[in-house]
Amino acid sequence: MSAPAKASRPAPPGDLARRKVSVQTPLPGPRAREMIASAMTVMSPSLIHVYPLMVERAAGCMVEDVDGNVFLDCQAGVATASTGHCHPRVAAAIQEQAERLIHICGTDFHYPGYGALCAKLAALAGKMQEKAGVPEASRDGWQTFLTNSGTEGVEAAIKIARHHTKRAHLVAFRGGFHGRSMGSLSLTASKSKYRKHFGPMLAGVHHATYGDASSVERELFTRTVGPEEVAAIFVEPVLGEGGYVVPPREFLTGLRELCDKHGILLVFDEVQSGMGRTGTIFAAEHFGVVPDVIVLAKGLASGMPLGAMMAQRRFMTWPSGSHGSTCGGNPVCIAAALATIELLESELLANSRTVGASFKKLLQTQLQGVPAVEEVRGLGLMIGVEMRTAALAEAVADDCYHRGLLVLECGEKAIRLSPPLIIDETQAAEAVEIFAAACRAAAPA
Ligand code: PLP
């Protein structure tokens, strides 16, 4: 009998995944410099380009630029390459699906993957409920709407909340990031530059203090909006873009109580914190709080454009035709997501927990007493390092790039480490060594 298709496919070159950091040219190198200069004339100036990295290819945790420099990736395409770059099983699933069906439109027709992924997500959310002690009799299952991105997932959550409750107002938190389309941008309150000159925002959005559930009653319900007019509270269970902040458990349990008391939907935006990033499928699992709606994207399909808005069945009361998407839930992205979830369940959730714990511990040890650093925090492989100033955070991120380590800033003055969930102990140690050297150089004792 012939081997299954997955196993018989030739593995893509694994050499890069096994390489070490190697920066051989000044950065950017000559080819990168030339290509970037020419591209910059035709690309939207709104793009950020945190540093001048022109990527040729990537495998596992390693990224190679067009000049042959090799970097250790501790940002994973902004926390997206969950299974590592170009994981052979994900790449094979994409190729197999691309040879069978690329698109037909899941809003108007059926194909096997759409239901299969929704069933898988429902099972994962069911396990979360079980772990949180929700009795089986009160679990009515989950239904999912698939999107192309996180922001579209948030838009779908805004729409289901308004449609189901027939209420208009929405609550979010200062520091939160929920996307850049007009609805999600109205919830986003991490940096004013994301909102500047794009107003007016969606009417009926109110912001409270992240980490403090009582601020919702104190700052909003008693002063600006009655709870009976609020459709949903949107919250990241671990703050992403806003600084990789792990809130106290009482914050999320407090929000759950408020929502239960006033018939408000609790929406967890797990676009960044979900899909194994914190060592569990949903970050919610760390707090024992079950939301009514969950939004996923980023790591869901290992970097293929896919998002999900999942809600407990009793809230999915919108009728046929009330919401849809031409490419959302594309079959190729779904194939990548199913392969991703298999990898998460078989090995990567455990790796995220164990390597995440030792990575954080090593950072804490190596950075102890380093003047540039205030705090190391995080869950799983969602690790934040709070620096003393914003200038230091910028200098350290830039210096890391020059030393061959890719990291990103977040919050006002933090750096996030969100490597692919396949990172091993040796790579984590190499990352810590480079990171600590950059921190020491930024503010010598
Ligand atoms: N929500 C959170 C928590 C995010 O971190 C992001 C992106 O960083 C989004 C929503 C928006 O996702 P996307 O960029 O895929 O639209």
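For the structure, see preceding data.
Rules used throughout
Residues numbered from 1 in each chain as written. Predicted model: local features only at pLDDT ≥ 70, side-chain atom pairs only at ≥ 80, totals over all residues. Heavy atoms only, no water. Buried < 20%, exposed > 50% of the residue type's maximum accessible area, 1.4 Å probe, protein only. Helix = DSSP H or I, 4+ residues; strand = E, 2+ residues; numbered from the N terminus. Pairing = 2+ DSSP bridges. Phe/Tyr/Trp six-rings, centres within 6.5 Å; stacked < 30°, edge-to-face > 60°. Patch = residues over 30% accessible without salt bridge, like charges linked within 9 Å, V, L, I, M, F, W, Y side chains within 5 Å. Areas by Shrake-Rupley, 256 points an atom, 1.4 Å probe, with all protein chains shown as cover. Salt bridge = Lys/Arg side-chain N within 4 Å of Asp/Glu carboxyl O. Polar contact = N/O pair within 3.5 Å; in protein donor to acceptor, adjacent residues only side chain to side chain. Contact = heavy atoms within 4.5 Å. Lys, Arg positive; Asp, Glu negative; His and termini not counted.

*Asks:* Is there a simple way to think about the pairing of strand 5 (residues 169-174) in this case?
*Replies:* Look at any regular strand and the pattern is simple: side chains alternate between the two faces of the sheet. Summarising burial for strand 5: five of the six residues are buried, a large majority. By the bridge criterion, three bridges tie strand 5 to strand 7 (residues 230-235) in an arrangement that is parallel. Its bridge partner being in strand 7, H169 is matched across the sheet by V230. Relative to strand 6 (residues 205-209), strand 5 is paired through five bridges, and the arrangement is parallel. In the sheet register, A172 faces strand 6, and the bridge partner there is H207.

*Asks:* Can you help me understand unusual backbone geometry in this one?
*Replies:* What is expected of a backbone is that most residues other than glycine have negative phi and most peptide bonds are trans. Between L27 and the following residue, P28, the backbone shows a cis peptide bond with an omega angle of -5°. Relative to the helices and strands, P28 resides in the loop between helix 1 (5-8) and helix 2 (30-40). Geometrically, the link from G199 to P200 is a cis peptide bond, its omega value of 0° lying close to zero. The residue P200 is located in the loop between helix 7 (182-187) and strand 6 in this model. We note that H49 has phi near 50°; this positive angle belongs to a residue other than glycine. Within the fold, H49 resides in the loop between helix 2 and strand 1 (55-59). Of note in the backbone geometry, Y244 takes a positive phi value of approximately 50° without being a glycine. Looking at where Y244 falls in the secondary structure, it is placed in the loop between strand 7 and helix 9 (249-262). Residue classification places Y244 among the buried residues on the basis of a relative accessible area of 1%.

*Asks:* Please clarify how the packing of aromatic side chains should be interpreted in this entry.
*Replies:* Between two aromatic rings, the relevant description is the distance of the centres plus the angle of the planes. Scanning the entire structure with this criterion turns up eight aromatic pairs. A ring pair is formed by F173 and F251, whose centres lie 5.2 Å apart and whose planes are at 80°; its orientation type is edge-to-face. With a gap of 78 residues between them, F173 in strand 5 and F251 in helix 9 connect regions that are remote in the sequence. For the pair F173 and F251, a shared accessibility class is recorded, and that class is buried. Taking the centre distance of 5.3 Å and the plane angle of 75° together, the rings of F177 and Y194 count as edge-to-face. Within this pair, whereas F177 is found in the loop between strand 5 and helix 7, its partner Y194 is found in the loop between helix 7 and strand 6, the two being separated by 17 residues in sequence.

*Asks:* Honestly, the pairing of strand 1 in this entry has me stumped. Any pointers?
*Replies:* The pairing of strand 1 with strand 2 (residues 62-65) spans four bridges and is classified as antiparallel. Bridge assignment links A58 to a residue of strand 2, and that residue is V63. Once strand 1 ends, the chain turns through two residues before running back antiparallel as strand 2, passing G60 with a positive phi of about 60°.

*Asks:* I keep staring at a nonpolar patch on the surface and nothing clicks. Help me out?
*Replies:* A cluster of nonpolar residues, M40, V42, M43 and L47, forms a patch on the protein surface that exposes about 380 Å² of accessible area. Following the sequence through the fold, L47 ends up in the loop between helix 2 and strand 1.

*Asks:* When you look at the side chain of Q312 in this model, what are you seeing that I'm missing?
*Replies:* Mapped onto the secondary structure, Q312 falls in strand 10 (residues 307-312). A polar atom in the side chain of Q312 sits 3.1 Å from the backbone oxygen of P291. Look past the residues within four positions of Q312 in its chain and what remains in contact with it is Q129, D140, G141, W142, V290, P291 and D292.

*Asks:* In this structure, what is going on with the sheet that holds strand 13 (residues 405-406)? I would like to understand it.
*Replies:* Strands pair in a sheet through their backbones, by hydrogen bonds, and they do so in one of two ways: parallel or antiparallel. On the basis of which strands lie adjacent, the open sheet formed by four strands has the order 1-2-3-13 and mixed pairing. At either margin of the open sheet sits one strand with a lone partner, and together these are strand 1 and strand 13.

*Asks:* Explanation requested: the environment of I334 in the structure shown.
*Replies:* When you line up the elements, I334 lands in helix 10 (residues 331-367). When the C-alpha positions of I334 and G211 are compared, they lie 34 Å apart, and in sequence the two are 123 residues distant. Excluding residues within four positions of it along the chain, I334 makes contact with Y111, G113, Y114, L117, L146, L306 and G329.

*Asks:* Help me out: how do you make sense of the side chain of D269 in this one?
*Replies:* Mapped onto the elements of the fold, D269 is located in strand 8 (residues 265-269). No salt bridge is formed by the buried D269, whose closest oppositely charged neighbour, K298, lies at an N-O distance of 9.0 Å. Within polar-contact distance, the side chain of D269 engages the side chain of H178 at 2.8 Å. One polar contact links the side chain of D269 to the main-chain amide nitrogen of V271, over a distance of 3.0 Å. Those residues in contact with D269 that sit more than four places away from it in its chain are V154, F177, H178, V235, E236, P237 and V295.

*Asks:* Honestly, the pattern of salt bridges in this entry has me stumped. Any pointers?
*Replies:* Per the stated rule, a full pass over the model turns up 20 salt bridges. Of the charged contacts in the structure, one is a salt bridge between K131 and E285, with a shortest N-O distance of 2.9 Å. With K131 in helix 5 (residues 112-131) and E285 in the loop between strand 8 and strand 9 (293-296), this residue pair connects regions lying 154 residues apart in the sequence. The class for E285 is buried, based on a relative accessible area of 19%. Between D260 and R256 there is a salt bridge, with the nearest N and O atoms lying 2.8 Å from each other. Here D260 and its partner R256 are both found in helix 9, four residues apart, which amounts to about one turn of the helix. Judged by its relative accessible area of 15%, R256 falls in the buried class.

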